[in-house]
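A look at the structure
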Amino acid sequence: TGNLRPAIDPRQVKLFTAPPARYEIIGMVDAKTRGRHQAALDRATQELKKQAAKIGASGIILSGAPHQSSGGLLGMGNWTRLSGQAIVVTEPAK
């Protein structure tokens with residue numbers, strides 16, 4: 001959706017629960033991992049950051065709360081899903 005940008009280190013990608021003051025949306029990211037606890041949420045978060053970093057996004061505006069599901073034999077259907085908008089935070093004009 002935005003201009004092509006060079007990839008960055010996933011550790012530089014910040015998560016937002018509300019939009020920052022100035023930003024540009026450059027894509028959408030989505031991650032689904034096995035499990036329903038903090039470890040699964042951490043893996044999904046890291047996957048989102050990897051996807052965002054690959055397209056040069058400096059942040060992700062999360063789309064609501066994580067979606068967690070359970071089911072299947074012996075909990076094999078448990079999973080956590082996160083999604084959001086990959087963004088580049090822009091500085092105000094000076």
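Here we summarise the structure given alongside this text. (Residues numbered from 1 in each chain as written. Predicted model: local features only at pLDDT ≥ 70, side-chain atom pairs only at ≥ 80, totals over all residues. Heavy atoms only, no water.)

For A86, the location among the structural elements is in strand β5 (residues 79–89). The exposure class of A86 is buried, given its relative accessible area of 0%. With 62 residues separating them in the primary sequence, A86 and E24 have C-alpha atoms 8.6 Å apart. A86 has contacts with E24, I25, I26, G27, M28, V29, A52, I55, A57 and G59, leaving out every residue within four places of it along the chain. (Helix = DSSP H or I, 4+ residues; strand = E, 2+ residues; numbered from the N terminus. Buried < 20%, exposed > 50% of the residue type's maximum accessible area, 1.4 Å probe, protein only. Contact = heavy atoms within 4.5 Å.)

Here we take up the nonpolar core. The biggest cluster of nonpolar side chains holds 14 residues, and the ones touching the most others in it are V29, L48, A52, I60 and A86. Mapped by element, the contributors of at least two residues to this core are β2 (23–34), α1 (38–54), β3 (59–62) and β5. Top contributing element to this core by residue count: α1, with four residues. The residues contacting I60, other than those within four sequence positions of it, are V13, K14, L15, F16, V29, L48, K49, A52, G84, Q85 and I87. (Core = buried A, V, L, I, M, F, W, Y, C linked by side-chain atoms within 4.5 Å.)

Such coordinate-based values are descriptive only and should not be taken to indicate function.
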